[in-house]
Amino acid sequence: MTITNPLLLQNPIEKVDQIAPEHVEPAISQIIKENQAEIELLVKNIDQVNSEQTNISWQSFMLPLEKLEDRLSKAWSPVSHLNSVCNSDELREAYDKGLALLTDYSTQLGQHKGLYKATKALFDAANEPENQQEQNLTATQQHILKDSLLGFKLSGLHLNSEDQKTFSNIQKRLAELSSKYEQNLMDATMAWTKLLSDKKDLSGLPKTELAMLANNAEIRDKKGYLVTLEIPSYLAIMTYADNRELREEVYTAYSTRASDQSEDGAQFDNSEIMAELLKLKQQKAKLLGFKNFAELSLESKMAESPEQVEGFLMDLNKAGKKQAKQEYAALAEFAKATFIKEDQVDDLKAWDISYFSEKLKQQKFQVSQAELRPYFVVDKVMSGLFELTEHHFNVHFEMVENPTVWNSDVRHYLIKRNNELVAEFYLDLYARQHKRGGAWMDNYQSRFKLNAETTLTPIAYLTCNFGSPVNGQPALLTHDEVVTLFHEFGHGIHHMLTKVDELSASGIANVPWDAVELPSQFMENFCYQPEVNEKLSQHFETGESLPQDKLDKLIAAKNFQSAMAMVRQIEFALFDMRIHDNQALSANEIQDVLDKTREEVAVVIPPKSNRFQNGFSHIFAGGYSAGYYSYKWAEVLSADAFSLFEEQGVMNQEAGKNFLNNILEKGGSADPMELFEAFRGRKPKVDALLRHSGIQ
Ligand SMILES: [Zn+2]
C-alpha cells in the first residue's frame, strides 16, 4: 500500500483536509533536498557555459529557480495556515520543525556564491550595451534581479570568510538577544498581579471587564478579582477604574516592566540587552558597508534616508502638535471641571489620560459600536464589498461549492474578468477554538507565468475572527469589524489582481515593508463614505440602511484625540530612528534620546520612572527596527491615494481603473514611489491624512 503525502502533491491545497502533522517534516525536508540538488545542477550548467560566453537567460536560470520556490511555498503555505486556524500541539511541533528547516535553507541560499554569480551575470549582461548577446530582460525582471542582488549583499555574501564568521555570530547573538528581550518582558508581565476581594475597589468597570478579572482569579484558583499586566486587564483598569490610586499602581507596574525601576528588583531588566542589541546592529551594518543600522534598514525600504524619515516625521509633528496640545488642554479642563477635586489634584497624570478620555468621548459622541452592529449583517457587507470591487476594478465574484476545506464555515470564491479566472480565495470569517485571533491575508499561490500557454493564478486566504451567527440570527458586525474586513480585503486584491508574470514580484511579493499597507489602508476609507455605507448596511430587522447622523457621529468619534494619537506615534517612530541612526548607545544614552525626543515632540510627558523602551518589542524583538515610521508613512500614501477619489468622486471608475493599473496590478515589479507617482501624477502629500484625521 502506498501512502501519499498530500504536501508532495502538485497542489496540496486541493487535499487540505487530509494534511496531518506527520506529513510536514518529511515533505518539507524532501522538497528542500530536491531543490538543493536542482540548484546545484542549475548553477553548474551555467558555470560551464559562463567560461565561454554569457548565455544565461531568465528562461534558463530565474524561471527554474522560481518554479522550485513555488513548489516549496505551496507545500509550506497550507501548513503555516492550518497552524494558525486549526492549531494543535502536534501541528505546532511539526510547524516549528518545518520552520527551522526553512530558515536554514534560506540562509544557505542567501550566502550561495554560485547563485549570486549567476544572478549577477544575468543582471550585468542585460546592463552592458556592448554585450553582443541580446538579453531582452523586462523592466520587472531587472527590478527583481536588482533586489535579489541586494538580498545577497544584506546576507553577507560578499564578506571574506573571517568576516562572514563574525557576521553569522552577530546574527545568532541578535536572535538570542531578541528572544531574551521578549522572554523578559513576558516574565515581567506575569510576575505582577493584584488580587482584590471587594467589587467596590473596582467601581467604574463594565460587566465584561469585571467578568474578565473574576475569570483571571478563577483560573488561578483564587477568589475575587485578579488584576494582571496583560493588555485587556491593564486597559480595563486604565480606562474605567474610578479608583485613582489603583490606576497609578497599575500604570507604574506596567510602565516599569523589565527595567531597573520595577518592583521585582530588576530581575527581568532589559536595559543591557537593548544596549547590546544596538551595538551588534551597528557592527553588522558597518560590516556590510553601511554607516549605521538605520541606513542598512532603509536600503530595502521605500524611504531613502534617515534624514528623509526624520524630516517626514518632524513635518507631521509640526502639523499636528498645536491641535494635540489643544486636545490635551480640553481633556485637562474636562477632568478638572467634572471629576478632580481641587484639594486632591493639581493636574492630569499619566494614569488619568485614558480614564478621562473615555468619559469625555462618551459625553461628546453618544454612538457605540454595539449600537451600529444591527446595521451590518455579514452577507450584506460582503455583497456590498464585492459590488464596490466589481464597480472599480472590473471583476466578478462567484462562490463555489468546495467540501475540501478546513472548516465548514469556510467559503471558496472565484474572481473572474470577462469570464476568465483571475484569482481565487478562501474566506474564513468566524472566531472558533484553536484559531489564532486577529485578521490577516496570506497567500497560497502567487500569479506565475510558466510558459506561453500556462499561467498560475493567485490564491489567497482571508481570515477574520468575527462572532459567528447564533440562535438563527445572522452574524452582525461592528463598524470596526467592517473596517478590518476592508483592510484585509485590500491586501487580498493587491495580491490577487496583479498582472505581474514573475513569481518574485507578483502581488505582494517584493513590495517594501513601508509600502505594503497602501492598498489595505486605502480600502478602509470607503467604510466612511455615505455611497458605500448604503451598499453595506441594512438593519437586520427593519431593513433600513445606516442613517446619516449615525455615520457622522461615527466619523467624529473616529477623530477624537487623533492629533494626540498621531504625536505619540511620531514620538515612538523618531525614537526608533534616532537610536539606530547613531553610534552604539548605552542604556542611559538610550534613555537620553527618548527624553530629548519627548521634550521636542510630545504633549504628554510620562513620569521619570517610565521605561517604555524596555517593553518596545516592535523594535527590539520584532522586525520594526529603524522601521516603526512605516505605519505613518504608509498612512500618508493611502490617504493621499484615496484623496484622488474624493476629488474625482468616490464611485468614479476612471479613478478606480487608475488605481488598478498603477498600484494593484503592478505589485512589487517597480519602485513604489514610481508607481505612486504614475497613479497620482505627483509625489505624495500629507494633506489628505491630516484632513481625514480631522487635523487642521
Ligand atoms: Zn495590514
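Residues numbered from 1 in each chain as written. Predicted model: local features only at pLDDT ≥ 70, side-chain atom pairs only at ≥ 80, totals over all residues. Heavy atoms only, no water.

This paragraph deals with the coordination of the zinc ion. Protein-derived ligands of the zinc ion are His487 (NE2), His491 (NE2), Glu517 (OE) and Glu517 (OE), with the metal-ligand distances lying across 2.1 to 2.7 Å. Taken in sequence order, the residues that donate to the zinc ion follow the motif H-x3-H-x25-E. Residue histidine 487 and its partner histidine 491 are located together in helix α16 (residues 479-496), separated by four residues, close to a single helical turn. Like histidine 491, histidine 487 is buried. (Donors = N, O, S within 2.8 Å, 3.2 Å for Na, K, Ca; no water. Helix = DSSP H or I, 4+ residues; strand = E, 2+ residues; numbered from the N terminus. Buried < 20%, exposed > 50% of the residue type's maximum accessible area, 1.4 Å probe, protein only.)

Strand order in the open sheet made by the five strands is β3-β4-β5-β9-β6, with mixed pairing throughout. Taken across any chain shown, the strands that pair with only one partner, and hence form the sheet edges, are β3 (396-400) and β6 (440-445). Between one strand axis and the next, the sheet turns through 25° on average, direction left out of account. One ladder, built from seven bridges, connects strand β4 (residues 411-417) with strand β5 (residues 420-430); its direction is antiparallel. Paired with histidine 412 across the two strands is tyrosine 426, which belongs to β5. (Pairing = 2+ DSSP bridges. Axes fitted to C-alpha atoms, helices over the stretch in contact; angles between N-to-C directions.)

This next bit is on helix α9 (residues 244-255). Counted at 1.5 Å a residue, the expected span for α9 with its 12 residues is 16 Å, and the 16 Å between its end C-alpha atoms agrees. Looking only at α9, the buried set comprises Leu246, Arg247, Val250, Tyr251, Ala253, Tyr254 and Ser255. Next to the buried residues of α9 lie β1 (193-196), β2 (225-228), α8 (231-240) and α13 (353-364). Between the side-chain oxygen at the start of α9 and the backbone nitrogen of glutamate 245 there is a gap of 3.0 Å, and the oxygen is on asparagine 243. (Expected span 1.5 Å × (residues − 1). Contact = heavy atoms within 4.5 Å. Polar contact = N/O pair within 3.5 Å; in protein donor to acceptor, adjacent residues only side chain to side chain.)

With seven of its 10 residues buried, α8 lies for the most part within the structure. Of all the residues in α8, the buried ones are Ser233, Tyr234, Ala236, Ile237, Met238, Thr239 and Tyr240. Of the surrounding elements, those touching the buried residues of α8 are α7 (207-218), β2, α9 and α13.

Attention shifts here to the nonpolar core. Residues Phe425, Phe486, Phe526 and Phe659 are the most contacted members of the largest nonpolar core, which totals 132 residues. Counting residues per element, this core draws most heavily on helix α20 (residues 562-580), which supplies 11 residues. When near neighbours in sequence (up to four residues on either side) are disregarded, phenylalanine 486 contacts Leu385, Leu388, Ser520, Met523, Glu524, Phe526, Cys527, Val532 and Leu536. (Core = buried A, V, L, I, M, F, W, Y, C linked by side-chain atoms within 4.5 Å.)

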